Amino acid sequence: MEELLKVNDISVVFGGLRAVSNFSMTINKGELIGLIGPNGAGKTTAFNMITGVYTPTEGEIIFNGTKTSGKKSYQVTQLGMARTFQNIRLFSELSVIDNVKVAYNMHVKYGLVEAIGRFGRYFDEEDKITEMAMDLLKIFHLEDKADELAKNLPYGEQRRLEIARALATGPKLLLLDEPAAGMNPQETKELMELIRWIREKFDLAILLIEHDMGLVMGVCERIYVLEYGLCIANGTPDEIKHNKRVIEAYLGEEVL
Amino acid sequence: MNILRKSDLKRIVACAILFAAVQGLLFAEIIGPFWELNIVLICINIILAVSLNLINGYTGQFSIGHAGFLAVGAYTGAIMTVKLGFPFEVALVVGTVAAGFLGFLIGLPTLRLNGDYLAIATLGLGEIIRICILNIDYVGGASGLMGIPRFTTFAWVFWIMIFVIFFIKNFKNSSYGRCCLAIRENEIAADTMGIDTTKYKVMAFTLGAAFAGTAGVLFSHYFYIAHPASFTFMRSFDILTMVVLGGLGSMTGSITGAVLLTFISAYLAEYPEWRMIIYSATMIVLMLHRPQGLFGNKELSMKMFGLGGGKDGRTAESK
Amino acid sequence: MDMGSLLHQFLQQLINGISLGSIYALIALGYTMIYGILKLINFAHGDIYMLGAYFGFVATTMLGFSFVPAIIFAMVGAAIAGIIIERIAYRPMRNAPRIAILITAIGVSFLLEYGMMLIATPQPRTFPAVFAADVYHFGPLVVNSQQIVILVSAIILMAILTYIVQYTKIGKAMRAVSFDTDAARLMGINIDRVISATFALGSALAAAGGVLVGIYYNSIDPLMGMVPGIKAFVAAVLGGIGIIPGAMVGGIILGVVEAMVSGFISSTFRDAAAFGILIIILLYKPAGIFGKNVREKV
């Protein structure tokens, strides 16, 4: 299998606190990986390092053959990594379709002069972007709401829009930060299907942070477990379920 | 797509009709010198308001030092024509570029700041520009630069204003504009969309500053003089009031705000002491009761009156 | 200039700078306290200082008060004005976007300035000499009695403020609100009262600064608060906004730098110096001398 993301021994220190310590991880092309751990274990921090929001104090991150640790967040995105946020961050005063259209900015070829003068590639590309954005919205059943403001969508649709927007950047790796947060069991089940389907359809790898054990165990091929900033286990869902340290640290007897 | 081209054409025709009407009234001397002056001032204020709206309203970077760039344009343009004897066209270009370049230099470091801090920094920079001008004897220091020829005509200001409006409108409706709006909405999310936020912020700031410079050249070549007292913080506040009154993020709002406030201050010309009181009281009442301004971030369009046909937005943009 | 006169010039400007700086510090304290609690840059704060100067003017000329009663009169008057402004203009905006609040504050500032112009005319007024102006010579250095009064008054007022903030009930409540407004509310602290008290205290200090400046320069006018107001904000940012000792130190530093610039370079660049400091500090240490950097949680 081809290696897509290689995280080598990364650590980060915030004012004396070692939020994540010597974390390593490998993601192959097309894999669906879970990252779990109790509250405050450093999952989101690890996420933020991978996506370039924080720079690791030690260690390095290689994505698709390029060293990304030290690069800025937008550069990492341009290399083919996209993410969603635990607390949804949409462009709330923009319409649903504009939220998605923003994501195509990296692929726009027309220049400033063409945009201002409205000639050359401007119209063709704008038409193409609108078309692609509409197609994506259809997949997520949001096409009827294309012109509504993002802030007016109900919660579940906002989550879906955030995923659609991330996909529009054309990622090879998609990172989802607690996508099921605040969803009911039925919605979570649909989300599980959606995640599996996205992976097939868009041919990408997915890294998932999740609290909902059912979701993680159900869809992920491999799971990494963090506790107090340390990676205490990794393996298939079955292995994780029976790993003694994980049970002690996180799952607790009652879960099994 | 064809509709869009047509609708742009329609707008330009409408502008030409408006121009012909006003120009005709000027010729026939139905509009006297007092109102002619105010019409020119309206056009200049519209340029200032829409260019500030690009920075504050679209990109969400709170700049309150716009008068500084106005000053740079006014003085640079005047140096070109008065001191160096270049034609007006050159003065316009140089004044615009000089203000834009300064905006770029200032924007690069300061746009890392956010919210209140950026506001204060831009205010400080605006004042520094003014203080520097006060201390340069070459441009007349505290007594101002006098003897500037009146090159600005109604035709010049009007068509430059139309150019700036179309420039900023088309900018907003492109990928560049969407990136700016995304930054305004959520900078962190914009970053994860692959947007180099600094680049776009500096771009908007530079363009806004450059157009303020254009307005400055037009200003000093209409009023015969460039004086440091015309470019104080109060002037910046004037422009800000226009933008906020109309609604931050609304181009038609900025235009309405500029027209409205220029008229108000023309009527209050005889009571200057009341002018600022009314301005500031308006601002406070507006913020307390309608902080989004007259139009919010929406655009005024025919559709708002139920006449169909959107002026901006997706209806016009998509097919 | 030889070394001796250079040193003399330096020390003389240091004295001038410290007395000017202590006035900046008095204004900056109000800025910093209000920012600490409301996260609001109270643009109108400089105009409260102007208001204070006029109250002091009324007290000394029309009411015939001597220095101490006049300054107390001005402080009480400004405190009431501060409370009223907060009640009318800022309280309804508590949950509004930051930009809206900032614009309101700028609006209040202009309203006070031009309102005062309407009432008292734009002409500067001569502030009466409330005590004999003596000049003391320490070797080649010159100190006048106004400078001593300014410094002593500033120190006394800051000592009182420190006592109030550290040891009284309302002071403790202020610190609690500034640290975490929601938690303070849950602890049963009346937020509105704390905010009113903060505005009262901050305005009173600014008013004292206004009276002292009136005595120092013998002249007051409706726009006198504009530039010192912004400079006091610079002082507050310099020391770390929201931090009370920071405002004191920031004010003194700013005063000294300005005095040095006008002494050694040119007095016309004095105002640019303050803004220069502001921009440098914002770019390199936005949290100020005493502040800690906080970044947005992702």
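Cut-offs and rules
Residues numbered from 1 in each chain as written. Chains lettered and ligands numbered in written order. Predicted model: local features only at pLDDT ≥ 70, side-chain atom pairs only at ≥ 80, totals over all residues. Heavy atoms only, no water. Helix = DSSP H or I, 4+ residues; strand = E, 2+ residues; numbered from the N terminus. Contact = heavy atoms within 4.5 Å. Buried area = accessible area lost by both parts, 1.4 Å probe. Salt bridge = Lys/Arg side-chain N within 4 Å of Asp/Glu carboxyl O. Pairing = 2+ DSSP bridges. Axes fitted to C-alpha atoms, helices over the stretch in contact; angles between N-to-C directions. Polar contact = N/O pair within 3.5 Å; in protein donor to acceptor, adjacent residues only side chain to side chain. Buried < 20%, exposed > 50% of the residue type's maximum accessible area, 1.4 Å probe, protein only. Domains from an automatic or database assignment. Phe/Tyr/Trp six-rings, centres within 6.5 Å; stacked < 30°, edge-to-face > 60°. Lys NZ or Arg CZ within 6 Å of the ring centre and 35° of its normal.

Quick word on the environment of A:Leu174
All names here are of chain A.
Okay, so step 1: Among the secondary structure elements, leucine 174 is positioned in strand 7 (residues 173–177).
Okay, so step 2: For leucine 174 and leucine 32, which are 142 residues apart along the polypeptide, the C-alpha to C-alpha distance reads 9.6 Å.
Okay, so step 3: In this structure leucine 174 touches Ala82, Ile163, Ala166, Leu167, Leu204, Ala205, Ile206 and Leu207, once residues within four positions along its chain are discounted.

Things to note about the interface of chain B and chain C
Okay, so step 1: In this assembly, 36 residues from chain B lie in contact with 39 residues from chain C.
Okay, so step 2: Counting each side, the surface lost to burial between chain B and chain C is near 3,400 Å², with a carbon and sulfur contribution of 85%.
Okay, so step 3: Looking only at chain B, the three residues that lose the most surface to chain C are B:Asp116, B:Tyr117 and B:Ile120, adding up to 19% of its buried area.
Okay, so step 4: For the interface between chain B and chain C, the tally reads zero salt bridges.
Okay, so step 5: Where the side of chain B that touches chain C is concerned, the elements lending two or more residues are helix 4 (88–110), helix 5 (116–134), helix 10 (233–246) and helix 12 (272–289) of chain B.
Okay, so step 6: Looking at which element gives the most residues to the side of chain B that touches chain C, the answer is helix 5 of chain B, with eleven residues.

What about the sheet that holds strand 9 (residues 222–227) of chain A?
Residues and elements named next belong to chain A.
Okay, so step 1: The strand order across the open sheet formed by six strands is 6-7-8-3-9-10, and the pairing between neighbours is mixed. Because the sheet does not close on itself, it has two edges, and the strands there are strand 6 (81–83) and strand 10 (230–235). Ignoring which end each strand starts from, the neighbouring axes of this sheet average 15 degrees apart.
Okay, so step 2: Looking at chain direction, strand 7 and strand 8 (residues 205–209) are connected through five bridges and run parallel. The residue of strand 8 that forms the bridge with leucine 173 is alanine 205.

Notes on the interface of chain B and chain A
Okay, so step 1: Facing 32 residues of chain B, the contacting portion of chain A comprises 36 residues.
Okay, so step 2: Together chain B and chain A conceal approximately 3,300 Å² of surface at their shared face, both sides included; 59% is due to carbon and sulfur atoms.
Okay, so step 3: Its salt-bridge partner being B:Arg178, residue A:Glu126 comes within 3.1 Å of it at the nearest N-O pair.
Okay, so step 4: In this structure, the connection of chain B to chain A is made through 16 residue pairs in polar contact (both at pLDDT 80 or more).

A closer look at unusual backbone geometry
Okay, so step 1: Positive phi values are uncommon outside glycine, yet A:Arg118 reaches one of about 55 degrees.
Okay, so step 2: By secondary structure assignment, the location of A:Arg118 is in the loop between helix 4 (112–117) and helix 5 (122–139).
Okay, so step 3: For A:Arg118, a relative accessible area of 7% translates into the label buried.
Okay, so step 4: For C:Asn218, which is not glycine, the phi dihedral falls at a positive 65 degrees.

Focus: the domain arrangement of chain A
Residue and element names in this part refer to chain A.
Okay, so step 1: Each assigned domain of chain A is listed here: domain 1 (1–80 + 171–256) and domain 2 (92–165).
Okay, so step 2: Between the C-alpha centres of domain 1 and domain 2 there is a distance of 28 Å.
Okay, so step 3: Contact residues are listed per partner, giving 16 residues for domain 1 and eight residues for domain 2.
Okay, so step 4: For the pair domain 1 and domain 2, the summed buried area comes to about 880 Å², and 81% of that belongs to carbon and sulfur atoms.
Okay, so step 5: For the domain 1 face of the interface with domain 2, the top three residues by lost area are Met183, Leu194 and Phe202, together amounting to 32%.

Some details on the packing of aromatic side chains
Okay, so step 1: Summed over all chains, the structure comprises 35 aromatic pairs over all chains.
Okay, so step 2: Relative to A:Tyr54, the ring of A:Phe14 has its centre 5.1 Å away and its plane inclined at 75 degrees; by these criteria the two rings are edge-to-face. You can see A:Phe14 sitting in strand 1 (residues 3–14) and its partner A:Tyr54 sitting in the loop between helix 1 (43–50) and strand 4 (58–63), a full 40 residues away along the chain.
Okay, so step 3: The buried category is assigned to A:Tyr54, whose relative accessible area is 11%.
Okay, so step 4: For the pair B:Phe88 and B:Phe151, a centre-to-centre distance of 5.6 Å together with 40 degrees between the ring planes defines the contact as tilted. Taken together, the residues span a long stretch of sequence, with B:Phe88 in helix 4 and B:Phe151 in the loop between helix 5 and helix 6 (154–172) at a distance of 63 residues.
Okay, so step 5: Assessed through its relative accessible area of 34%, B:Phe151 is described here as partly exposed.
Okay, so step 6: The rings of A:Tyr110, A:Tyr122, A:Phe123, B:Phe171, B:Tyr176 and B:Tyr200 are connected pair by pair, giving a single aromatic cluster.
Okay, so step 7: Note that B:Arg150 overlies the ring of B:Tyr222, its terminal NZ or CZ placed 3.9 Å from the centroid.

Notes on the pairing of strand 9 of chain A
Residues and elements named next belong to chain A.
Okay, so step 1: With respect to burial, strand 9 is a largely interior element, six of its six residues being buried.
Okay, so step 2: Burial of strand 9 is two-sided: the residues Arg222, Tyr224 and Leu226 facing one way and the residues Ile223, Val225 and Glu227 facing the other way are all buried.
Okay, so step 3: With four bridges joining them, strand 3 (residues 32–36) and strand 9 adopt parallel strand pairing. By the bridge assignment, leucine 35 is partnered in strand 9 with tyrosine 224.
Okay, so step 4: Pairing geometry for strand 9 and strand 10, over five bridges, is antiparallel. Among the inter-strand pairings, glutamate 227 is bridged to a residue of strand 10, identified as leucine 230.
Okay, so step 5: Here strand 9 hands over to strand 10 after two residues, with tyrosine 228 in that stretch at a positive phi of 45 degrees.

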